[in-house]
Amino acid sequence: MSKVVLDISMSLDGYIAGPNATLEEGLGEGGERLHEWVVAVAAWRESHDLSGGEENVDNDVMAEHLQRIGATVMGRRMFSGGDGPWESDPNADAWWGDDPPFHHPVFVLTHHPRDSVTKEGGTTFTFVNDGVESALQQARAAAGEKDVAVAGGANVAQQFLKAGLLDELQIHVAPVLLGDGVRLFDNLVRDAPRELVCTRVLESPAGVTHIRYELRRPD
């Protein structure tokens, strides 16, 4: 059976984005530092139609993730950085241009209805305004036998965690201290719906630690 996977980079002090996000700095002040390891590897660069890149442990981790994903769920802020009605969103067409790097169906959680958008390279954006369960149901159907990625941001990740909908959590802990910004694990209930079981820890030449957890329901 396919899995629901949250795969995300996080600072050593628990942030997945820096403070004061803008259209120019979508990940906030200093947030891009969290992703320096992945921008450098061949698998990520190939998915973005870029040449070159390193082939190492980091690359193996990213290549494995990309190969297993058949659909993605993300929040409105990850899609465009905006909120409110779409007609007032200055980045309503998102960050990625005409050929986004997903190459599979993407389901965007939003409070504001919008028709689906089809891009080049196999990426379609479907806008879901009736909750995470509906988005997941549609993503599972689109992914087939492949896994569903929960891409973020933090609010969406927290909704999936609270609802007990995640099967796997892979955190890439970057050697960065942001000091402020958006925390991954804010706003969670005290009684977690699942237990975390560490299934893999990999260290990288970039100083990143890749930690994979399986989320299991308590007996």
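Per chain, residues are indexed from 1 in the order of the written sequence. Local features are withheld for residues below a pLDDT of 70 in this predicted model, meaning they are given only at 70 or higher, and side-chain atom pairs are given and counted only at 80 or more; totals for whole chains, interfaces and linings count all residues. Excluding hydrogens and water, the side-chain values take into account all heavy atoms of the structure.

Caption draft 1: Region of the structure containing the sheet that holds strand 1 (residues 4–11). Within the open sheet, the nine strands sit side by side as 5-6-4-3-7-1-8-11-10. Their pairing is mixed. Of all the strands in the sheet, the pair left with one neighbour each is strand 5 (117–118) and strand 10 (195–203). Judged from the two bridges that link them, strand 5 and strand 6 (residues 124–128) form a sheet pairing that is antiparallel. Bridge pairing links Thr118 to Thr124 in strand 6. Here, two residues are considered to be in contact whenever any of their heavy atoms come within 4.5 Å of each other. Helix axes are fitted only over the stretch in contact, all axes being lines through C-alpha atoms; the angle between N-to-C directions runs from 0 to 180 degrees. Strands are runs of DSSP state E lasting at least two residues, helices are runs of H or I lasting at least four, and both sets are numbered from the N terminus onward. Packing against the sheet, helix 6 (residues 154–162) makes contact with strand 1, strand 3 (69–75), strand 4 (105–109), strand 7 (147–152) and strand 11 (209–216), and its axis sits at approximately 130° to strand 7. Paired strands, in this sense, are two strands between which DSSP finds at least two bridges.

Caption draft 2: Inspection of the pattern of salt bridges at higher detail. Should a side-chain nitrogen of Lys or Arg be within 4 Å of a carboxyl oxygen of Asp or Glu, the pair is scored as a salt bridge. Applying the stated criterion across every chain yields a total of eleven salt bridges. The residue Arg212 makes a salt bridge to Glu64 at a minimum N-O spacing of 2.8 Å. One end of the pair, Arg212, is in strand 11; the other, Glu64, is in helix 3 (residues 57–68), and 148 residues separate them in sequence. Buried residues are those whose accessible area, probed at 1.4 Å on protein chains only, stays under 20% of the maximum for their type, while exposed residues exceed 50% and partly exposed ones sit between those limits. Using a relative accessible area of 13% as the deciding quantity, one classes Arg212 as buried.

Caption draft 3: View of the nonpolar core. In this structure, Leu6, Val73, Val150, Phe160, Leu166 and Leu184 are the most contacted members of the largest nonpolar core, which totals 30 residues. Of all the elements in the fold, those that place two or more residues in this core are strand 1, strand 3, strand 4, helix 5 (132–143), strand 7, helix 6, strand 8 (168–174) and strand 11. Dropping the residues within four chain positions of it, Val73 is found in contact with Phe107, Leu109, Ala135, Ala139, Val148, Ala149, Val150, Ala151, Gly152 and Phe160. With eleven residues, the next largest nonpolar core counts Phe79, Ala94, Phe102 and Val117 among its residues. Side-chain atoms within 4.5 Å link the members of a nonpolar core, which is a set of buried Ala, Val, Leu, Ile, Met, Phe, Trp, Tyr and Cys residues.

Caption draft 4: Layout of the packing of aromatic side chains. For Phe, Tyr and Trp, rings pair up if their centres lie within 6.5 Å, where Trp contributes its six-membered ring, and each pair is then called stacked (planes under 30 degrees apart), edge-to-face (over 60) or tilted (otherwise). Under the definition given, this model contains eight aromatic pairs. Geometrically, the ring pair formed by Phe79 and Phe127 is edge-to-face, given 5.3 Å between the ring centres and 85° between the ring planes. Taken together, the positions of Phe79 in helix 4 (residues 76–80) and Phe127 in strand 6 put the pair 48 residues apart, joining distant regions of the chain. Residue Phe127 is classed as buried on the basis of its relative accessible area, which comes to 9%. Here the aromatic rings of Trp86 and Phe127 are separated by 5.2 Å at their centres, their planes lie at 65°, and the arrangement is edge-to-face. Of this pair, Trp86 sits in the loop between helix 4 and strand 4 while Phe127 sits in strand 6, and the two are 41 residues apart along the sequence. Stacked on the ring of Trp86, the Lys or Arg Arg76 has its end atom at 3.7 Å from the ring centre. A cation sits over an aromatic face here: Arg114 above Trp86, 4.5 Å from the ring centre. Charge-over-ring placement is defined geometrically: NZ (Lys) or CZ (Arg) within 6 Å of the ring centre, and within 35 degrees of the ring normal.

Caption draft 5: Looking closely at helix 5. Given a helix with a known number of residues, its expected span is that number minus one, times 1.5 Å. Along its twelve residues, helix 5 runs 16 Å from first to last C-alpha, staying within 8% of the 16 Å computed at 1.5 Å per residue. Those residues of helix 5 lying buried are Val132, Ser134, Ala135, Leu136, Ala139 and Ala143. Buried residues belonging to helix 5 abut strand 1, strand 3, strand 4, strand 6, strand 7 and helix 6. Gly144 sits one or two positions beyond helix 5 and adopts a positive phi of about 65°.

Caption draft 6: Geometry of the side chain of Arg76. Mapped onto the fold, Arg76 is located in helix 4. Looking at Arg76, the relative accessible area reads 7%, which means it is buried. For Arg76, the residues in contact, after removing those within four places along its chain, are Gly81, Gly82, Asp83, Gly84, Pro85, Trp86, Asp89, Val108, Leu109, Thr110 and His112.

Caption draft 7: Spotlight on the pairing of strand 11. Direction of pairing for strand 8 relative to strand 11: antiparallel, over a ladder of six bridges. The partner of Val173 across the bridge, within strand 11, is Thr209. The pairing of strand 10 with strand 11 spans eight bridges and is classified as antiparallel. Its bridge partner lying in strand 11, Glu195 is registered against Arg216.

Caption draft 8: Region of interest: the pairing of strand 4. Burial within strand 4 is extensive, with four of its five residues counted as buried. Bridge analysis of strand 3 against strand 4 gives four bridges, and the strand direction is parallel. Bridging across to strand 4, Met74 finds its partner in Val108. Relative to strand 6, strand 4 runs parallel, the two sharing five bridges. Its bridge partner being in strand 6, Pro105 is matched across the sheet by Thr124.

Geometric values such as these leave the question of function open.
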